[in-house]
Amino acid sequence: MNRGDDSIDELLNSYIDGELTQKQQMEVSRLITDDDQIARRLRDLQKCKMLVACLPHAQAPALGSVPAFAGTEDRRQRTEDSNPSSVLRRPVRRVLPVAAMIAIMAVVTAVIYSIFAPQDTADRSTPGTAAAAGFSGKLELTTSDLTAVDAFINRAIRDNELSDCVRTASLADRRVYSFSGGRDAVNLLLADLATIWERFGSATLMVETPKFSEQVVLGSVTAEQVAQIVKQEHQEKAIRMAKDFAVLNKMAELLPGKEMLAAAGEKKPSLITIPKPVLTGDGKTAKKPAPPGADTKEVELTIVVAAGK
Amino acid sequence: MQPEPANIKGFPQSRVPIDDAALLEKWRWGDSAAMEELILKYQNRIFNVILKICANIDDAAELTQETFVKIIQGIDKFEGKSSFYTWAFRIAVNLTLNYCQRNARIGFQSLDADDYENHPSTGSGQACPFDGLRAGSERGRRVLKELLSDNKSPDPAVVAQNKELCDIVVKSLMKLDNAQKTVIILRDIEGMNYAQIAKVLDIELGTVRSRLSRGRSRLREIMEAIAG
């Protein structure tokens, strides 16, 4: 094919695709009418385009249910048996779940870094501005064993001497614990809650934002995530972290990590643990000291435990 | 005061299609449903483009997942200079082409190429490189031959329902080089205009025109050779 043919082909393709100006279109139309060869070439190209455009659209598999990840060995086997090239690519496919996990780990690392990044750097980035301090939010939990959980939480409140920080209310199908106090104090409560977290059918954290009636909703939240969010000194950082965790949890739902962890016998990725203060020294302390920060009102956290699955 | 549950996610659910920029803004404000909506909006389209480029359903599914991981990871860096649509497809196409190149480099070849190389007549200098395709799809070849020689325009519905024919078209596409194939897929399957294709592939508009033109001509030649 010579250069002239190339130019005519480009012109005809642009004509087919509606990428010509009105004037150019008219000229090409005239050319087609006058020249049978060009008209035939146009038909050929149109057929070619149509054949590709008519290819059926496949439905994307639900994210996370990819055979290679989902562990449906027989389905994968069938696919591989029917396609020799898949067998060749198997090592690559083996690597991809790991790559997906690495991607998740990268996000987790970014989140962790945002937590442990040097404070002064963050502070320098907003000179002269006082970021909103404090945390305000609601933690909604459901359990099939409300009475036992209620008893456990009440004991935790008593044992950690948090009675001054927590107001409780009992309703028919739910218990409400309104915490108002320091970060370390709420950490004690969350550390105890973490030990019975598996008893909760669902856990949702709603973080208040400066905008009226807007919240960051974090589903499938873990006690460790709540602790990390609450620990943030600035509301802005807490909100950002809640958003990051929301993405992470969503990804855990969508991506193969969940299946892989389940297959490995783990319940949930738990890279962060809540450090609970422990008594050190000679143990002669007569009275357990009040939790540090118990008298401050850095955190407003309403914990609602409702009866349910 | 705690808001009503309906307002918990911050934004009311709307049945009116919301543009990508608005969804992104909502997501940045903490509405995780907005990202879900974006994923739902594009997952099939991205999957189909990837599938047509790499021609393997498992690879396509994995690459689609990887695309969305990259989108979520890189969303903070997305400044909105281009549209989310072209940005997302750019990620998808780059991932897929890199994956294809990697496979090619380490010696993983397509089924068709294997057929060709293993064919007893290969090496004689006269063998048709599409013999492997001919063997298994006689009916498809017959339909294709009629289609290509007929002066009338074929009925798209009939074409779409003919599995053998579709298989031949897919395999013919796979014979194109990646650059031409990608442009054709973005144009004829995804329905992008030339400017969008240029943005996705980061090439000049003129390059899009020439690749598309040469690609379609080559595709036509390949299909004619298969039809016999």
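Residue positions are given per chain, counting from 1 as you read along its sequence in written order. Key to labels: chains lettered from A, ligands numbered from 1, both in the order written. Confidence filtering applies because this is a predicted model: local features only for residues at pLDDT of at least 70, side-chain atom pairs given and counted only at 80 or more, and all residues used for totals across whole chains, interfaces and linings.

> Would you take a moment to explain the overall build of chain B for this structure?
Secondary structure summary: chain B contains 12 helices and 0 strands in total. Secondary structure is summarised from DSSP: a helix means a run of H or I of at least four residues, a strand means a run of E of at least two, and numbering begins at the N terminus for each. Overall, chain B shows an N-to-C arrangement of helices and strands of α-α-α-α-α-α-α-α-α-α-α-α. Exposure criterion: with C-beta atoms placed from backbone coordinates, a residue whose C-beta has 20 or more other C-beta atoms within 10 Å is buried, one with 12 or fewer is exposed, and one in between is partly exposed. Scored against the burial criterion, the 228 residues of chain B give a buried share of 41%.

> Honestly, the packing of helix α1 (residues 20-28) of chain B against helix α2 (residues 32-54) of chain B in this entry has me stumped. Any pointers?
The relative placement of two packed helices comes down to the angle between their axes together with the axis-to-axis distance. Residue and element names in this part refer to chain B. Fitted lines through C-alpha atoms serve as axes, helices being fitted only where they are in contact, and the angles separating the N-to-C directions of these axes extend from 0 to 180 degrees. At their nearest, the axes of α1 and α2 sit 7 Å apart, and the two run at 145 degrees to each other. Our pair here, α1 against α2, has a crossing hand that is left-handed. Residue-level contacts link Asp 20, Leu 23, Lys 26 and Trp 27 of α1 to Ala 34, Met 35, Glu 37 and Leu 38 of α2. Side-chain classes are defined by residue name, with Ala, Val, Leu, Ile, Met, Phe, Trp, Tyr, Cys and Pro counting as nonpolar, Asp, Glu, Lys and Arg as charged, and the others, Gly among them, as polar. By residue class, the composition of the contact of α1 with α2 is 5 nonpolar, no polar and 3 charged. Helix crossings are classified by the rotation of the near helix relative to the far one: an anticlockwise turn of less than a right angle makes the crossing left-handed, while a clockwise turn makes it right-handed. Residues are scored as being in contact if the C-beta atoms we place from backbone atoms lie within 7 Å.

> Hey, could you run me through the sheet that holds strand β2 (residues 166-170) of chain A in this one?
Within a sheet, adjacent strands bond to each other through the backbone by hydrogen bonds, running parallel or antiparallel. Residues and elements named next belong to chain A. Strand order across the open sheet formed by 6 strands is β2-β3-β6-β1-β4-β5, with mixed pairing between neighbours. Strands with a single pairing partner mark the edges of an open sheet, and in this sheet they are β2 and β5 (215-218). Recorded for the sheet is a direction-independent mean angle of 15 degrees between the axes of neighbouring strands. Following DSSP output, two strands are said to pair if at least two bridges run between them. Across 7 bridges, strand β1 (residues 135-143) lies against strand β4 (residues 200-208) in antiparallel orientation.

> What should I look at first to understand unusual backbone geometry in this one?
Peptide bonds are, in most cases, trans, and in most cases residues other than glycine have a negative phi. The backbone phi angle of A:Glu161 is positive, close to 55 degrees, even though this residue is not glycine. By the secondary structure assignment, A:Glu161 is in the loop between α8 (146-159) and β2. The phi dihedral of B:Asp202 is positive, around 55 degrees, even though this residue is not glycine. Along the chain, B:Asp202 falls in the loop between α11 (194-201) and α12 (205-227).

> Which parts of the structure should I look at to understand the environment of B:Asp177?
Among the structural elements, B:Asp177 can be located in the loop between α9 (163-175) and α10 (178-189). For the pair formed by B:Asp177 and B:Arg218, sequence separation is 41 residues and the distance between their alpha carbons is 9.8 Å.

> Help me understand the packing of helix α3 (residues 36-53) of chain A against α10(B) in this model?
One can describe the packing of α3(A) onto α10(B) by two numbers: an axis separation of 9 Å at closest approach and a directional angle of 80 degrees. With respect to their mutual orientation, α3(A) and α10(B) come out roughly perpendicular. Residues A:Lys49, A:Val52 and A:Ala53 of α3(A) touch α10(B), and the partners they reach there are B:Ile184, B:Asp188 and B:Ile189. Looking at the contact of α3(A) with α10(B) residue by residue, the classes come out as 4 nonpolar, no polar and 2 charged. When an angle is under 35 degrees it counts as roughly parallel; over 145 it counts as roughly antiparallel; between 65 and 115 it counts as roughly perpendicular; any other value is oblique.

> Looking at this model, I keep getting lost on the pairing of β4(A). Mind explaining?
Look at any regular strand and the pattern is simple: side chains alternate between the two faces of the sheet. Where β4(A) meets β5(A), 4 bridges bridge the pair, whose relative direction is antiparallel. Its bridge partner being in β5(A), A:Met206 is matched across the sheet by A:Val217.

> Quick question: what am I supposed to make of the nonpolar core here?
One broad rule of soluble globular proteins: the nonpolar side chains tend to lie buried together. In plain words, the nonpolar core is the set of buried Ala, Val, Leu, Ile, Met, Phe, Trp, Tyr and Cys residues that C-beta atoms within 7 Å link up. Judged by nonpolar contacts, the single largest core of 114 residues is most densely connected at A:Ala242 and B:Ile50. Top element by residues in this core is α2(B). It accounts for 12 residues. B:Ile50 has contacts with B:Ala60, B:Leu63, B:Thr64, B:Ala92 and B:Thr96, leaving out every residue within four places of it along the chain.

> How should I be thinking about the confidence of the model for chain A in this particular structure?
Interpreting fine coordinate detail is not advised for predicted regions of low pLDDT. Residues and elements named next belong to chain A. Scored between 0 and 100, pLDDT is the confidence that the predictor attaches to each residue. Mean pLDDT for chain A: 71, with 60% of residues reaching 70 or above. Helix α2 (residues 22-34) holds the highest mean pLDDT among the elements of chain A, 92, whereas helix α4 (residues 67-70) holds the lowest, 36. Ignoring residues within four places in sequence, the model shows residues 256-272, a span with pLDDT below 50, making 28 contacts including any to other chains. In the predicted structure, residues 281-288 sits below a pLDDT of 50 and forms 2 contacts with residues beyond four places in sequence or in another chain.

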